[in-house]
Amino acid sequence: MRKIIAGAALAALATACSANTGGTAASSSGGTSVPGKGSAAVGFIFVGPKDDYGYNQAAYQGSQAVAKAFPQLKVLTAENVPEDDNAARVMNSMIAKGAKIVFATSYGHLDAALKVAAEHPDVVVVQQGNLITGTTPRNAGTFFGTVYEPVYLAGIAAGKATKTGKLGYVYAFPISQTIDNIDAFELGAQSVNPSVRTFAVSTSSWCDPAKQAEAAANLLEQGVDVITQHQDCTATVVKATEAAGKMTVGYHADASSIAPKGWLTGSEWNWGPLYSDIVRTALDGGFTGSKYNGNFRVGYKTGDNPFVQSAYGPAVGAETRSLIEAAKEKLKTGSPFAGPVRDQEGKVRVPDGTIPDYETIEKIDYFVQGVVGSLPKS
Amino acid sequence: MLVVDILTGGVRGGTAIMFAALGETLAERAGVVNLGTEGCMLVGALGGYAVAAETGNPWLGLLAGALAGAALGLVHAVAVVWRRADQFATGLTLMFLGLGLTSLFGAAYVGKAAPGFDPVPLPLLGDIPIAGEILFRHDPVTYLTFVVAPLLWFTLNRTKAGLLVRAAGERADVLHVHGHSADLVRTAAVTAGAALAGLGGAQLSTAYAHAWFEGMTAGRGFIAVALVIFAAWRPLWVMAGSYLFGAALAVAPALQARGHALNQFALDALPFVITLVFLAVLGRRTLRAAPEELRRVFAR
């Protein structure tokens with residue numbers, strides 16, 4: 001008797017679940033082998049809270065833009081998803097709810113994303129910011145914008161604004177994305193101020209406000225007068241810099257409201273159009289073999305960068321603005337890493353006249369000349 | 001100068017730990033260990049930040065931080081003093097309770113702007129070379145510890161209230177003979193101690209980091225508990241020890257900001273390595289300085 005009740009309960013549960021995912025059951029019979037085609041839902045996982053005024057908020061806003069562009073799709077989101085097997089679990093539960101397109105938006109979500117992609121050949125799994133090495137599965141890919149390009153432009157603003165010739169960079173971990181940003185910032189500053197140096201301090205955390213406070217205080221104490229950062233939460237460093245009467249270059253979000261005097265410019269995201277295009281491609285069944293079925297990168301050279309430059313603050317004059325405009329034009333054919341680029345030891349890493357491609361730039365594992373600080377040897 | 005900067009960082013970063021460790025000193029001198037100090041700091045950090053954000057007044061935030069810490073401390077007191085629950089298990093549960101509550105209710109305050117305390121160099125004192133830089137160019141809440149630590153020492157050693165606390169920690173039955181309730185004294189000490197931990201948390205969010213983020217105390221509450229032991233339950237040693245830990249936390253950014261090449265991951269572990277080394281070296285010797293009633297808790 002008990003068994004029968006349990007069986008009935010299970011059946012009821014199964015009915016409820018399939019009712020929940022009604023659209024999928026119908027469409028999956030149409031063509032299971034085409035990843036993402038006719039999906040009823042789209043899943044997004046974020047490593048942090050959706051309102052962190054930073055990385056995760058930008059990604060969340062991108063997901064909401066998808067919801068607007070595809071009203072027929074159910075958009076599933078999950079915050080605070082750790083960069084371990086839990087990520088795979090969360091993605092699987094989204095797939096169970098009918099998602100055949102899943103966005104894993106943090107750098108460290110890649111392993112879980114590839115695992116899920118292998119388990120579900122009919123689901124498109126795209127990862128934001130990391131790089132697939134080796135063969136790319138037909139239902140997976142990574143995508144990112146060349147954030148170091150607007151960072152390079154912001155470096156120009158910093159290089160022109162500094163009085164002490166010392167810039168500060170508070171960062172989390174020495175991953176390639178961050179190294180590119182730090183290098184590009186210094187190279188941008190150098191392009192207008194050859195003797196400028198960038199002091200890099202790591203906090204070993206995407207968001208540890210206390211460590212950020214100490215990092216900012218130490219940079220300020222030793223004469224740094226423009227500070228930027230690569231952290232998921234950004235308010236601590238911006239406020240400390242503003243309170244000391246120094247200047248800020250933003251990252252992730254426009255923080256000019258908490259740095260009304262010292263705000264220069266910064267880099268922010270606009271993920272909506274790119275997310276939507278990936279979703280459209282997958283829904284139409286054209287994901288496999290598309291540009292997104294690989295390590296897709298977009299920048300000023302190849303199209304609309306999902307990274308946009310923040311509005312200027314009052315401290316940025318007309319001369320600096322026109323320098324930045326000119327540099328931006330040059331980026332359409334060039335690169336912040338156009339040779340010659342020297343590392344900290346003075347060794348030429350990018351030869352004169354060479355413009356490295358996106359993939360080469362993402363594999364940069366050294367600080368350029370002018371960056372003060374060292375990368376932990378692994 | 002690097003040494004001066006590290007010591008300055010020690011005062012800056014050690015203040016939150018000091019509030020918590022002073023509070024824990026008070027509780028332990030009355031015979032109760034509060035391993036939930038970390039949780040009390042967290043509710044203080046969120047309470048302080050949230051109230052500062054809502055009211056626009058960081059001083060009200062400090063008050064709220066202290067009250068939030070006290071509320072959680074009272075839970076501990078009721079459980080271990082009145083219900084005779086295990087002190088360690090209750091304390092750890094309290095820590096997780098604080099972490100959970102603040103993650104839940106703190107989400108709305110992540111990234112939200114709130115007024116806070118900025119550094120205010122003290123006139124004259126701030127101009128003293130070296131010492132002025134290290135001690136007297138901080139936020140007002142840091143200056144508060146310059147008063148609170150000696151005050152706690154004075155209260156414990158020179159007042160009737162302090163005598164009651166020490167009696168509760170050394171010989172509870174003596175208190176009883178004289179018509180006092182050791183339970184009441186302990187409840188008061190644990191609650192007041194937790195209020196100090198909450199104040200430490202509020203200092204962290206409204207004066208040091210100017211932000212709220214879940215888990216932002218990052219182990220400072222546990223450092224505070226350990227610190228009390230090797231400061232031998234003395235407020236002024238706690239003060240010095242807090243600066244030592246603050247300095248240990250400040251070493252990594254101070255060296256990096258000046259371009260010194262050292263393994264940052266090793267540097268990040270420094271405060272915890274120091275704690276372990278102290279505890280291991282002092283070993284059971286620390287217990288000799290422990291309040292009698294507390295020794296019973298530790299040396300079961």
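For chain B, the name recorded in an unreviewed UniProt entry is ABC transporter permease, with Microbispora oryzae as its organism. Recorded in UniProt for chain B, the comment headed Subcellular location (unreviewed entry) runs: "Cell membrane".

Looking up chain A in an unreviewed UniProt entry gives the name BMP family ABC transporter substrate-binding protein, with the organism given as Microbispora oryzae.

(A) Broad picture of the pattern of salt bridges. Throughout the structure, instances matching the rule amount to 16 salt bridges over all chains. Between Arg84 of chain B and Asp183 of chain B there is a salt bridge, and its shortest N-O distance comes to 3.6 Å. Taken as a pair, Arg84 of chain B in the loop between α3 (58-82) and α4 (87-106) and Asp183 of chain B in helix α9 (residues 182-208) lie far apart in primary sequence, 99 residues in all. Owing to a relative accessible area of 57%, Arg84 of chain B belongs among the exposed residues under this scheme. On the basis of relative accessibility, which here comes to 17%, the residue Asp183 of chain B falls in the buried class. Linked through salt bridges whose partners overlap, the residues forming this network are Glu214 and Glu221 of chain A together with Asp5, Arg12 and Arg258 of chain B.

(B) Spotlight on the state of the cysteines. All names here are of chain A. Throughout the structure, instances matching the rule amount to 1 disulfide over all chains. Sulfur-sulfur distance for the disulfide between Cys207 and Cys233 comes to 1.9 Å. Between Cys207 and Cys233 the sulfur-sulfur dihedral comes to about 100 degrees; the bridge is accordingly right-handed. You can see Cys207 sitting in the loop between β7 (197-202) and α8 (209-221) and its partner Cys233 sitting in the loop between β8 (226-230) and α9 (235-243), a full 26 residues away along the chain.

(C) Structural context of the domain arrangement of chain A. Residues and elements named next belong to chain A. Partitioning chain A into structural domains gives domain 1 (31-145 + 271-298) and domain 2 (148-268 + 308-372). Taking the mean C-alpha position of each, domain 1 and domain 2 sit 29 Å from one another. In this assembly, 12 residues from domain 1 lie in contact with 11 residues from domain 2. A combined buried area of about 1,100 Å² lies between domain 1 and domain 2, and 56% of that area is made up of carbon and sulfur atoms. Viewed at the interface, domain 2 and domain 1 are joined by 1 salt bridge. Linking Arg297 and Glu362 is a salt bridge whose minimum nitrogen-to-oxygen distance equals 2.3 Å. Our count for the domain 1 to domain 2 interface comes out at 2 residue pairs in polar contact (both at pLDDT 80 or more). Looking at the side of domain 1 that touches domain 2, the elements that each hand over two or more residues are α3 (55-69) and β11 (295-298). Split by residue class, the side of domain 1 that touches domain 2 holds 7 nonpolar, 3 polar and 2 charged.

(D) Inspection of the confidence of the model for chain A at higher detail. Residues at a pLDDT of 70 or more form 91% of chain A, whose mean pLDDT is 88. Low confidence marks residues 1-31 of chain A, where pLDDT is under 50. Its contacts with residues over four positions away, or in another chain, come to 10 contacts.

(E) Fine view of the side chain of Glu38 of chain B. Residue and element names in this part refer to chain B. Position of Glu38 relative to the elements: it lies in helix α2 (residues 37-55). Buried and without a salt bridge, Glu38 has Arg220 as its closest oppositely charged side chain, separated by 7.3 Å. Polar contacts involving the side chain of Glu38 include one to the main-chain amide nitrogen of Arg220, which spans 3.3 Å. Within the local environment of Glu38, its side chain forms a polar contact with the backbone nitrogen of Gly221, the two atoms lying 2.6 Å apart. Setting aside residues up to four positions removed in sequence, Glu38 forms contacts with Met95, Thr217, Ala218, Gly219, Arg220, Gly221 and Phe222.

(F) A look at the nonpolar core. In this structure, Leu22, Tyr109, Trp212, Met216 and Phe245 of chain B are the most contacted members of the largest nonpolar core, which totals 81 residues. Top element by residues in this core is α9 of chain B. It accounts for 12 residues. What Phe245 of chain B contacts, discounting residues up to four positions off in sequence, is Ile17, Ile223, Leu227, Phe230, Pro271, Ile274 and Thr275 of chain B. Grouped together as the second largest cluster of nonpolar side chains are 70 residues, Ala58, Leu73, Ala158 and Tyr366 of chain A included.

(G) Highlighting the packing of aromatic side chains. Residue and element names in this part refer to chain A. Counting across every chain of the model gives 24 aromatic pairs over all chains. Between Phe44 and Phe103, the ring centres sit 4.6 Å apart and the planes meet at 20 degrees, which makes this aromatic pair stacked. Pair noted here: Phe44 is in strand β1 (residues 41-45) and Phe103 is in strand β3 (residues 99-104), with a separation of 59 residues, a long-range link. No difference in accessibility class separates Phe44 from Phe103, as the two residues are buried. Ring geometry for Phe173 and Trp206: centres 5.6 Å apart, planes at 70 degrees, overall edge-to-face. In this pair, Phe173 is assigned in the loop between β6 (166-171) and α7 (176-192) and Trp206 in the loop between β7 and α8, connecting sequence segments 33 residues apart. A network of ring pairs unites the aromatic residues Phe44, Phe46, Tyr55, Tyr60, Phe103, Phe143, Phe144, Tyr251, Trp269, Trp271, Tyr275 and Phe307 as a single cluster.

(H) Quick peek at the UniProt feature "transmembrane region" (unreviewed entry) in chain B. Residues and elements named next belong to chain B. In the numbering used here, UniProt assigns the "transmembrane region" (unreviewed entry) feature to residues 59-82, 94-114, 134-156, 222-245 and 265-282. Measuring from the first to the last C-alpha atom of residues 59-82 gives 33 Å, for a span that is 100% helix and 0% strand. Between the C-alpha atoms that bound residues 134-156 there is a distance of 28 Å. The span itself is 83% helix and 0% strand.

Criteria and thresholds
- Each chain has its residues counted from 1, following the order in which its sequence is written.
- Chains and ligands are labelled sequentially in the order written, the chains with letters from A and the ligands with numbers from 1.
- At least 70 in pLDDT is required for a residue's local features to be given in this predicted model, at least 80 for side-chain atom pairs to be given and counted, and no such filter applies to totals for whole chains, interfaces and linings, which use all residues.
- The side-chain quantities take in all heavy atoms of the structure and omit both hydrogens and water.
- UniProt positions are given in the numbering used here, feature names are shortened, and annotations may be inferred rather than shown by experiment.
- We define a salt bridge as a side-chain nitrogen of Lys or Arg found within 4 Å of a carboxyl oxygen belonging to Asp or Glu.
- Note on conventions: DSSP H or I runs of at least 4 residues are helices, E runs of at least 2 residues are strands, and numbering of each starts at the N terminus.
- Type-normalised accessible area, obtained with a 1.4 Å probe on protein chains alone, sets the label of each residue: buried when under 20%, exposed when over 50%, and partly exposed for intermediate values.
- Defined by distance alone, a disulfide is two cysteine sulfur atoms within 2.5 Å.
- As used throughout, domain bounds are those supplied by an automatic or database domain assignment.
- Residues are treated as being in contact if the distance between any of their heavy atoms lies within 4.5 Å.
- As used here, buried area is the combined drop in accessible area, with a 1.4 Å probe, of two parts when they are placed together.
- For this analysis, a polar contact is any N or O atom pair within 3.5 Å, provided that within protein one partner can donate a hydrogen and the other can accept it, and provided that sequence-adjacent residues contribute only side-chain to side-chain pairs.
- Following the grouping adopted for this structure description, the nonpolar residues are Ala, Val, Leu, Ile, Met, Phe, Trp, Tyr, Cys and Pro, the charged ones are Asp, Glu, Lys and Arg, and the polar ones are all others, Gly among them.
- As a per-residue quantity, pLDDT reports the predictor's confidence and falls between 0 and 100.
- A positive count includes Lys and Arg, and a negative count includes Asp and Glu. His and the chain ends are not counted in either.
- Side-chain atoms within 4.5 Å are what join buried Ala, Val, Leu, Ile, Met, Phe, Trp, Tyr and Cys residues into a set we call a nonpolar core.
- Ring pairs are drawn from Phe, Tyr and Trp, using the six-membered ring of Trp, whenever the two centres fall within 6.5 Å, and their geometry is named by plane angle: stacked under 30 degrees, edge-to-face over 60, tilted for the rest.

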